[in-house]
Amino acid sequence: MSVAGTGGVSTSYNRLQQLKSFDESKAGVKGLVDSGITKLPQIFIRPPEELAADNQTPSQFTIPVIDLKGVSGDRSKVVAAVREAAETVGLFQVVNHGVPLKVLEETLTAAREFHELPQEVKGEYYTRDKMKKVKYGSNFDLYRTRYANWRDTLFCVMGPDPLHPQELHLVCRDAIMEYSWQIKVLGSLLFGLLSEALGLNPEYLESIDCAKGHSILCHYYPPCPQPELTLGTTKHSDPGFLTILLQDHIGGLQVLWQNQWINVPPVHAALVVNIGDMLQLISNDKLKSVEHRVVANHRGPRVSVACFFTLDNPSQRIYGPIKELLSQDNPPLYRDTLLQDFNAYYYNKGLGGNSALDHFLLQR
Ligand code: OGA
Ligand code: NI
């Protein structure tokens, strides 16, 4: 085999072999940890220049926590808080969001139990097949990134077409189905608030199908023997319209705000909400799809469950900056784009590097 296209240096060939054997183990990062490794395999190590450039200075900025309790009465205060957060850092936490604590706890437990199934059972779900609705894997962009992340994921497409519960393993079936239902209700509420925050009628974002589909990603970050050399998740912004994230008590999620990494601390019973790339695109940059990452940790496993609101592929829907928001002073920044083209570009690019949004800017 030629090394051209794999980086062109002699080590690239070994790297490809290592990636393949990791992939073919179908055991993910957890499999490596279970095998008793004490040093990080080379494929996970961040390049030295990236490690050297990592700014670890702590910052004083605190992530807003928005109480949704008042939402059925006078919404104006809640809308104002959502607008402020969505237009600046692009990420906030919500409490009194209506999803019962028991459901949150059962969802985290179910996610953990799936990843802790015996390897022979879990391995059945391991696939890189784009058409599969339920897939377990590690590093969707494994063969495209400079270093692999210390993370495994169970990915489930829950809508617009409802997932058949049978497709989920019994240990997580009921919990994921219930969480999916609950999170859809919260998603509708948030799209209502975000519509109002944009000065549109409350139904606007739902009427253009922003809440119509969602996927649930159950992430598992095993304890890491050398956390300073890798990351749980490389810097990225999320592809969909909106993400609602449930994280456990371990911590490690950070957002990039004014060139500094800010911790998003676990808050009991809260959910993290962040704007995705598609919402930044249709709001013509009014709402911000923030870059974030997850640091690796000696402690663990850390479990998180992300819900991406987006339409399942292939979606023929075209999105561009919302006409009602445009004016002579606010001309469109992005071209009209098929959702499936955006998704294809995003997933092909992989995490890290420049925002996928750059590719969809109008040339001026
Ligand atoms: C994601 C993500 C963060 C986390 O799924 O896109 O950023 O804490 N997850 O797992
Ligand atoms: Ni993300």
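You'll find the structure just up there.
The model shown is predicted, which means the values in this text are computed figures rather than measured ones.

## Some points on the nonpolar core
Argument step 1. Judged by nonpolar contacts, the single largest core of 76 residues is most densely connected at Tyr179, Leu205, Leu271 and Ile282.
Argument step 2. Those residues within four positions of tyrosine 179 in sequence are excluded, and the remaining contacts are Val99, Val103, Leu104, Thr107, Ile216, Leu246, Leu271 and Val305.
Argument step 3. Counting residues in hydrophobic clusters, the runner-up holds 17 residues, among them Leu91, Leu253, Val272 and Phe308.

## Regarding the coordination of the nickel ion (ligand 2)
Argument step 1. The nickel ion (ligand 2) binds to the protein through His236 (NE2), Asp238 (OD) and His292 (NE2); the donor distances cover 2.1 Å.
Argument step 2. We note that the donor set of the nickel ion (ligand 2) lies within a single chain, spaced as H-x1-D-x53-H. Like histidine 236, the residue aspartate 238 is buried in the burial classification.

## Considering the site of ligand 1
Argument step 1. Close to ligand 1 lie His219, Tyr221, His236, Asp238, Leu245, Leu253, His292, Val294, Arg302, Ser304, Ala306 and Phe308.
Argument step 2. Residue histidine 292 places a side-chain N or O atom 3.0 Å away from an oxygen atom belonging to ligand 1.
Argument step 3. Considering ligand 1 on its own, with 290 Å² of exposed area, one finds that the protein chains cover 95% of that surface.
Argument step 4. Where the shell around ligand 1 is concerned, the elements lending two or more residues are strand 5 (214-221), strand 11 (292-295) and strand 12 (302-309).
Argument step 5. By residue number, the principal contributor to the shell around ligand 1 is strand 12, which donates four residues.
Argument step 6. Residue classes in the shell around ligand 1 are distributed as six nonpolar, four polar and two charged.

## Considerations on the environment of alanine 111
Argument step 1. The topology assignment puts alanine 111 in helix 5 (residues 101-115).
Argument step 2. Note on alanine 111: relative accessible area 1%, which makes it buried.
Argument step 3. The spacing of alanine 111 and isoleucine 208 is 97 residues in sequence and 31 Å in space, taken between C-alpha atoms.
Argument step 4. Leaving out residues up to four positions away in the same chain, alanine 111 has contacts with Cys218, Val303 and Val305.

## Focus on the sheet that holds strand 9 (residues 260-263)
Argument step 1. If you trace the four strands from one edge of the open sheet to the other, you get 6-11-8-9, paired in antiparallel fashion. Strand pairing shows two members of the sheet lacking a second neighbour, strand 6 (231-236) and strand 9, which therefore form its edges. Taken over all neighbouring pairs, the strand axes of this sheet differ in orientation by 30° on average, direction set aside.

## Brief notes about the environment of leucine 246
Argument step 1. Along the polypeptide, leucine 246 turns up in strand 7 (residues 242-247).
Argument step 2. On the basis of relative accessible area, leucine 246 is assigned to the buried category, the value being 2%.
Argument step 3. Put simply, leucine 246 and valine 273 are 27 residues apart on the chain and 9.1 Å apart in space, counted from C-alpha to C-alpha.
Argument step 4. Those residues within four positions of leucine 246 in sequence are excluded, and the remaining contacts are Leu104, Thr107, Leu108, Tyr179, Leu271, Val303, Ser304 and Val305.

## Comments concerning the sheet that holds strand 3 (residues 134-137)
Argument step 1. Strand order across the open sheet formed by eight strands is 1-2-10-7-12-5-4-3, with mixed pairing between neighbours. Edge strands, defined here as strands with exactly one partner in the open sheet, are strand 1 (65-67) and strand 3. Sheet twist, expressed as the mean angle between neighbouring strand axes with direction ignored, is 20°.
Argument step 2. In terms of strand pairing, strand 7 meets strand 12 through six bridges, oriented antiparallel. Each bridged residue has a counterpart across the sheet, and for leucine 246 the counterpart in strand 12 is valine 305.
Argument step 3. Sheet strands in contact with helix 5 are strand 3, strand 4 (152-157), strand 5, strand 7, strand 10 (271-275) and strand 12, and its direction is about 110° off that of strand 12.

## Concerning helix 10 (residues 339-349)
Argument step 1. Those residues of helix 10 that sit buried are Leu339, Gln340, Phe342, Asn343 and Tyr346. What you see down the axis of helix 10 is that its buried residues fit within an arc of 155°, all on one side.
Argument step 2. Residues of helix 10 that are buried sit in contact with strand 6, helix 9 (277-282), strand 13 (318-319) and strand 14 (337-338).
Argument step 3. One or two residues past the end of helix 10 sits glycine 350, with phi positive at roughly 80°.

## Comments concerning the packing of aromatic side chains
Argument step 1. Using the criterion set out here, one finds 13 aromatic pairs in the structure.
Argument step 2. When the ring of phenylalanine 44 is compared with that of tryptophan 150, the centres are 4.9 Å apart and the planes differ by 75°; the resulting orientation is edge-to-face. Taken together, the residues span a long stretch of sequence, with phenylalanine 44 in the loop between helix 2 (28-34) and helix 3 (48-53) and tryptophan 150 in the loop between strand 3 and strand 4 at a distance of 106 residues.
Argument step 3. You can call phenylalanine 44 buried: its relative accessible area is 0%.
Argument step 4. Between phenylalanine 241 and tyrosine 319, the ring centres sit 5.1 Å apart and the planes meet at 70°, which makes this aromatic pair edge-to-face. With phenylalanine 241 in the loop between strand 6 and strand 7 and tyrosine 319 in strand 13, this residue pair connects regions lying 78 residues apart in the sequence.
Argument step 5. A relative accessible area of 0% places phenylalanine 241 in the buried class.
Argument step 6. The exposure class assigned to tyrosine 319 is buried, which follows from its relative accessible area of 3%.

Definitions and limits used
Residues numbered from 1 in each chain as written. Chains lettered and ligands numbered in written order. Predicted model: local features only at pLDDT ≥ 70, side-chain atom pairs only at ≥ 80, totals over all residues. Heavy atoms only, no water. Core = buried A, V, L, I, M, F, W, Y, C linked by side-chain atoms within 4.5 Å. Buried < 20%, exposed > 50% of the residue type's maximum accessible area, 1.4 Å probe, protein only. Contact = heavy atoms within 4.5 Å. Donors = N, O, S within 2.8 Å, 3.2 Å for Na, K, Ca; no water. Near = heavy atom within 4 Å. Polar contact = N/O pair within 3.5 Å; in protein donor to acceptor, adjacent residues only side chain to side chain. Areas by Shrake-Rupley, 256 points an atom, 1.4 Å probe, with all protein chains shown as cover. Helix = DSSP H or I, 4+ residues; strand = E, 2+ residues; numbered from the N terminus. Nonpolar A, V, L, I, M, F, W, Y, C, P; charged D, E, K, R; others polar. Pairing = 2+ DSSP bridges. Axes fitted to C-alpha atoms, helices over the stretch in contact; angles between N-to-C directions. Arc of directions from axis to C-beta. Phe/Tyr/Trp six-rings, centres within 6.5 Å; stacked < 30°, edge-to-face > 60°.

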